[in-house]
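These are the residues of each chain, in order.
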Amino acid sequence: MRKRNLIIGTVLVTIGGGMGAGAALAYDGTNCSEPGVCWEPKPGYPDKIEGSKYDPKHSDSELNKQQESIQGMEKRNAMRVEHFKKTGEWVNDTDELELQQAMSEDEQS
Amino acid sequence: MARARRTSIRQGCFALATVSVCLAAVPATAQQSQGDKLNELSQSEENWVMQCKNYDCNHFSESTQVNAENVQNLTPAWSFSTGVLNGHEGAPIVVDGMMYINGPYPNNVFALDLDDPNRIVWQYKPKQDPAARSVACCDVVNRGLAYYPGDGDTPPLVIETLLDGHLLALNAETGEQYWKLEVMDPSVGQTLTQSPYVVKDKVIVGSSGAELGVRGVVTAFNVKTGEQEWRAYATGPDEDLLLADDFNINNPQYGQEGLGTKTWEGDAWKIGGGTNWGWYAYDPEEELFYYGSGNPAPWNETMRPGDNKWTMTIFGRDLETGEAKFGYQKTPHDEWDYAGVNVMMLSEQEIDGEKRKLLTHPDRNGILYSLDRTNGDLVRADKMDDTVNWVKHVDMESGQPVRDPEYGTRMDHRSKDICPSAMGYHNQGVDSYDPNQQLFFIGMNHLCMDWEPYMLPYRAGQFFVGANVWTYPGPKGNREEGTGSGQVKAYDAKTGDFKWEVMERFAVWGGTTATAGNLVFYGTLDGFIKARDSRTGELLWKFKLPSGVIGHPITYMHDGTQYVGINYGVGGWPGVGLVFDLNDPSAGLGAVGAFKELANHTQMGGGFIAFSLDGESPYTKDIQTGEYQSQSASAGNDRQASN
């Protein structure tokens with residue numbers, strides 16, 4: 001606890017110092033607004049790029065593609081694992097697993 | 001024979017007069033995990049069962065048959081071609097008298113019997129999506145295999161990543177596929193190049209593709225069933241990061257909750273990089289494993305305001321839950337591609353009168369960090385070389401690097417003479433730690449760069465770099481010739497001093513291996529394997545290989561003989577110009593210009609060579625080993641007579 005107080009104190013001193021002589025100088029990573037948050041824009045550059053000349057205008061659909069892909073892989077892996085745990089047989093092709101499952105459901109009904 | 005050896009290994013001690021190999025002598029940490037068969041196997045000098053040698057990842061062998069007094073007698077014993085020419089990172093693994101070796105794409109796997117390595121016991125050639133090659137950033141490398149020793153229900157497994165994002169487990173005895181998981185998807189830029197990491201009943205694997213905006217992730221699967229146990233991201237909401245409730249409790253100045261989104265603008269964390277494709281270590285006492293997340297994406301820093309947490313971070317995560325106990329971000333808001341995935345080496349040393357459980361990490365940013373691996377305390381942060389200039393020093397209280405703005409990067413500006421370069425003063429090499437001398441042996445790059453960002457949109461599956469880079473040897477090298485881009489140093493983490501250091505013609509990309517024979521081995525890009533006296537740095541032995549080296553040496557005992565072996569096969573990031581015949585100095589993410597001289601020393605190849613004293617091998621011990629045995633001795637005699 002004592003160490004934590006010391007560290008917070010150190011950070012605040014650093015922030016205070018930064019507001020004085022350091023703030024006008026270029027980013028050196030020492031002017032922390034809170035623990036672990038020490039980035040600041042370089043002189044002449046925006047702190048937000050949205051709407052600035054550096055706005056890359058990312059497409060939301062592009063940004064979401066990785067997660068959509070990962071969720072699909074997780075689902076397919078779960079099917080393979082479930083089948084493996086039941087049968088001891090590993091089947092890569094999830095279409096085949098879906099077909100087997102559909103046939104099994106047909107038989108039961 | 002192999003069965004008999006398995007029995008003897010499990011009994012713990014070996015009747016080898018020249019080698020001190022006994023489980024009674026293993027470190028306390030090893031004894032903590034009794035019943036952990038992989039850990040036990042790693043204590044035997046007859047095995048090299050993990051890429052890092054052991055959970056400590058110290059890459060250190062107790063074997064002394066080859067030593068500083070006789071190493072000049074090392075001679076090739078046998079060799080094996082993988083049949084593939086791209087860069088060969090990593091090394092084979094050795095277990096129970098077998099060697100398992102793979103290579104770059106297409107990631108073929110071979111099992112060799114060390115009693116007669118002429119015989120390929122089994123081979124596996126994976127079918128994978130060739131499109132993965134087009135999204136691999138830096139050649140089509142693979143960093144080697146992992147091994148699971150099996151239990152009563154599950155056979156021993158050889159596990160590898162495939163470039164197209166699969167994780168593949170093979171039955172170690174037959175080479176048949178046991179399971180195969182989809183982990184990464186090349187259609188959105190994701191690949192796998194890492195060596196998987198097995199601990200107990202888990203196999204852990206990271207991700208590659210930060211140069212394509214891939215959001216980094218580390219995932220644990222049950223090694224017996226393939227079932228996903230946990231998955232932790234490098235960026236995004238805390239629940240995705242798997243932060244423990246007491247995350248960074250000992251070091252709140254590093255940052256705690258909410259920063260995986262707060263330190264990014266908008267949804268940039270979704271394409272923010274932080275992949276991890278390097279090396280892990282594990283402490284059985286703490287039940288924590290350690291690794292580093294890589295660079296934020298894109299390289300163009302102006303496009304991603306904020307500290308970009310938790311890229312560039314040394315994580316200590318709970319093995320069972322994946323929860324992060326601590327995270328220390330070494331290069332907040334990276335501006336130079338100092339991807340922090342490098343090796344983690346565990347040791348116990350006395351620092352300022354206090355015994356510390358250290359995690360030592362030579363980072364790409366040119367700083368050698370030592371953390372207390374129980375809680376993440378920053379213990380040391382020493383410049384790897386006095387030419388590191390992006391940072392003045394690391395504030396030991398806050399952990400923040402104090403940057404020199406002169407070497408910062410930004411849009412509409414070409415920054416010059418930044419040291420290290422994007423390739424780092426240290427990259428993917430696996431280094432070594434000699435616990436007897438308490439020295440780390442660091443294979444280094446000596447490379448600096450010019451850097452000029454540019455804007456580009458994100459398109460899933462396309463390169464998302466945003467910077468042109470020109471790389472060249474550092475101030476101690478020869479920039480005109482393109483030489484002097486490597487170093488090897490002996491580092492004392494207790495004092496921060498370098499006991500010795502030597503320059504090399506090219507980057508020492510693959511790392512080092514140390515032995516109790518007072519030796520340190522490493523390979524060079526121009527194709528030598530070298531041995532130095534680990535006490536002094538004196539060059540004692542070298543051998544010119546068929547191609548350059550980007551992997552790490554190994555050593556193992558077999559049938560009373562100590563072998564030293566290494567993969568050859570130039571390539572990887574430093575060899576990308578040679579491999580793909582590129583000439584633009586800024587091509588290959590800046591590597592081509594730095595290594596323009598390399599093609600005058602070596603060409604592509606791919607394989608493994610084992611050395612021993614006087615070339616002793618199964619074929620010299622019994623020249624009939626591997627000979628064709630005629631079905632009918634009389635038929636052979638008849639043919640001889642007719643000649």
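Criteria and cut-off values
Residues numbered from 1 in each chain as written. Chains lettered and ligands numbered in written order. Predicted model: local features only at pLDDT ≥ 70, side-chain atom pairs only at ≥ 80, totals over all residues. Heavy atoms only, no water. Helix = DSSP H or I, 4+ residues; strand = E, 2+ residues; numbered from the N terminus. Rg over C-alpha atoms; globule rule 2.2 N^0.38 Å. Buried < 20%, exposed > 50% of the residue type's maximum accessible area, 1.4 Å probe, protein only. Contact = heavy atoms within 4.5 Å. Areas by Shrake-Rupley, 256 points an atom, 1.4 Å probe, with all protein chains shown as cover. Lys, Arg positive; Asp, Glu negative; His and termini not counted. Charge placed at Lys NZ, Arg CZ, Asp CG, Glu CD. pLDDT = per-residue confidence, 0-100. Salt bridge = Lys/Arg side-chain N within 4 Å of Asp/Glu carboxyl O. Polar contact = N/O pair within 3.5 Å; in protein donor to acceptor, adjacent residues only side chain to side chain. Phe/Tyr/Trp six-rings, centres within 6.5 Å; stacked < 30°, edge-to-face > 60°. Pairing = 2+ DSSP bridges. Axes fitted to C-alpha atoms, helices over the stretch in contact; angles between N-to-C directions. Buried area = accessible area lost by both parts, 1.4 Å probe. Nonpolar A, V, L, I, M, F, W, Y, C, P; charged D, E, K, R; others polar. Expected span 1.5 Å × (residues − 1). 1 Å grid on protein atoms, 1.4 Å probe; cavity = no way out; pocket = protein on both sides within 12 Å on 5 of 7 lines; lining within 4 Å. Points joined across faces, edges and corners; volume = space filled by probe spheres on them. UniProt positions renumbered as here; feature names shortened; annotations may be inferred. Disulfide = S-S within 2.5 Å.

This next bit is on the overall build of chain B. Of the regular secondary structure elements, chain B holds 9 helices and 38 strands. Here chain B has a C-alpha radius of gyration of 23 Å; the compact-globule value for 643 residues is 26 Å, and the two agree. In chain B, which comprises 643 residues, the proportion classed as buried is 71%. For chain B, long-range pairs separated by at least 24 residues make up 62% of all intrachain contacts whose partners lie at least 6 apart in sequence. A total accessible area of about 19500 Å² is found for chain B, and carbon and sulfur atoms account for 45% of it. Separation of charge centres in chain B, based on 51 positive and 84 negative side chains, amounts to 2 Å.

One rule of thumb: low pLDDT means the predicted coordinates there are not for detailed reading. Residue and element names in this part refer to chain B. Summing up the model confidence of chain B, the mean pLDDT is 93 and the portion of residues at 70 or higher is 93%. Contacts of residues 1-34 to residues separated by more than four positions or lying in other chains number 60 contacts, the stretch itself having pLDDT below 50. As a predicted assembly, this complex carries a pTM of 0.91 together with an ipTM value of 0.91.

So, on to the pattern of salt bridges. Taken as a whole and judged by the stated rule, the model has 42 salt bridges over all chains. With its nearest N and O atoms 2.7 Å apart, the salt bridge here joins R76 of chain A to E182 of chain B. On the criterion of chain membership, the pair formed by R76 of chain A in helix α2 (residues 60-87) and E182 of chain B in strand β10 (residues 177-182) is interchain, its members lying in two chains. Taking the relative accessible area as the measure of exposure, R76 of chain A reaches 28% and is therefore partly exposed. A salt bridge links K494 of chain B to D492 of chain B; the shortest N-O distance between them is 3.1 Å. A residue is classified by how much of its surface remains accessible, and K494 of chain B, at 24% relative accessible area, is partly exposed. Each member of the salt-bridge network shares a partner with another, and the members are D283, E285, E286, K357 and R373 of chain B.

Residue and element names in this part refer to chain B. Structurally, the position occupied by E160 is in strand β8 (residues 157-161). One buried charged side chain, E160, makes no salt bridge at all; its nearest oppositely charged neighbour is K180, positioned 9.1 Å away. Reaching out from E160, the side chain makes a polar contact with the side chain of N102 at a distance of 2.8 Å. For E160, the residues in contact, after removing those within four places along its chain, are N102, N107, V109, P126, L145, H166, L167, L168 and P196.

Moving on to the packing of aromatic side chains. Residue and element names in this part refer to chain B. The final tally for this structure, using the stated rule, is 33 aromatic pairs over all chains. Residues Y254 and Y328 carry aromatic rings whose centres are separated by 4.8 Å and whose planes lie at 45° to one another, so their mutual orientation is tilted. Of this pair, Y254 sits in the loop between α4 (238-241) and α5 (259-262) while Y328 sits in strand β18 (residues 324-329), placing them 74 residues apart in sequence. Judged by its relative accessible area of 1%, Y328 is buried.

The next point concerns the sheet that holds strand β14 (residues 228-233) of chain B. Two strands in a sheet stick together by hydrogen bonds in their backbones, pointing the same way (parallel) or opposite ways (antiparallel). All names here are of chain B. Strand order in the open sheet formed by 4 strands is β11-β12-β13-β14, and the pairing between neighbours is antiparallel. Of all the strands in the sheet, the pair left with one neighbour each is β11 (197-199) and β14. For this sheet the average axis-to-axis angle between neighbouring strands, irrespective of direction, equals 20°. Here strand β12 (residues 202-205) runs beside strand β13 (residues 217-222); their pairing, made up of 4 bridges, is antiparallel. Its bridge partner lying in β13, I204 is registered against A220.

Attention now moves to the interface of chain A and chain B. Opposite the 46 residues of chain A that make contact, chain B presents 65 residues. Summed over both partners, the interface of chain A with chain B comes to about 4700 Å²; 54% of that surface belongs to carbon and sulfur atoms. Our count for the contact surface shared by chain A and chain B stands at 8 salt bridges. Here chain A and chain B share 30 residue pairs in polar contact (both at pLDDT 80 or more) between them. If you list the elements that add at least two residues to the side of chain A that touches chain B, you get α1 (2-22) and α2 of chain A. Here the side of chain A that touches chain B gets 16 residues from one element, more than from any other, and that element is α2 of chain A. Of the residues assigned to the side of chain A that touches chain B, the class counts are 19 nonpolar, 11 polar and 16 charged.

On to α2 of chain A, then. Along its 28 residues, α2 of chain A runs 41 Å from first to last C-alpha, staying within 8% of the 40 Å computed at 1.5 Å per residue. Within α2 of chain A, the full set of buried residues consists of E62, L63, Q66, S69, I70, M73, N77, M79, R80, V81, H83 and F84 of chain A. The inward-facing, buried residues of α2 of chain A abut α3 (94-108) of chain A together with β10 and β14 of chain B. In the stretch just after α2 of chain A, G88 of chain A is the one whose phi turns positive, near 80°.

Residue and element names in this part refer to chain A. By volume, the second largest pocket amounts to about 320 Å³. In this structure, the second largest pocket is lined by M79, E82, H83, K86, T87, L97, Q100, Q101, S104 and E105. When its residues are assigned to classes, the lining of the second largest pocket shows 2 nonpolar, 5 polar and 3 charged.

Turning our eyes to something else, we now look at the UniProt feature "domain: Pyrrolo-quinoline quinone repeat" (unreviewed entry) in chain B. Residue and element names in this part refer to chain B. UniProt marks residues 53-377 and 509-564 with the feature "domain: Pyrrolo-quinoline quinone repeat" (unreviewed entry), using the numbering shown here. End-to-end, the C-alpha atoms of residues 53-377 are 26 Å apart, and along that stretch the chain is 2% helix and 34% strand. Helix makes up 0% of residues 509-564 and strand 54%, with an end-to-end C-alpha separation of 18 Å.

Residues and elements named next belong to chain B. In this structure the tally under the stated criterion is 4 disulfides over all chains. Bridging C52 to C57, the disulfide has an S-S length of 2.0 Å. For C52, a relative accessible area of 4% translates into the label buried. Note on C57: relative accessible area 0%, which makes it buried. Here C419 pairs with C448 through a disulfide, and the sulfurs are 2.1 Å apart. Note on the C419 and C448 pair: the S-S dihedral is about 110°, so by sign convention the disulfide is right-handed. Taken together, the residues C419 in the loop between β25 (415-418) and β26 (432-434) and C448 in strand β28 (residues 447-453) connect sequence positions 29 residues apart. Looking at C448, the relative accessible area reads 0%, which means it is buried.

Another point: the UniProt feature "active site" (unreviewed entry) in chain B. All names here are of chain B. The feature "active site" (unreviewed entry), as annotated in UniProt, sits at D337 in this numbering. Following the sequence through the fold, D337 ends up in the loop between β18 and β19 (345-351). D337 gets classed as buried once you look at its relative accessible area, which sits at 1%. Beyond its immediate stretch of four places on either side in the chain, D337 contacts E211, N295, W299, M312, R364, A422, W451 and W573. Looking at D337, its side chain comes within polar contact range of the side chain of N295, at 3.4 Å.

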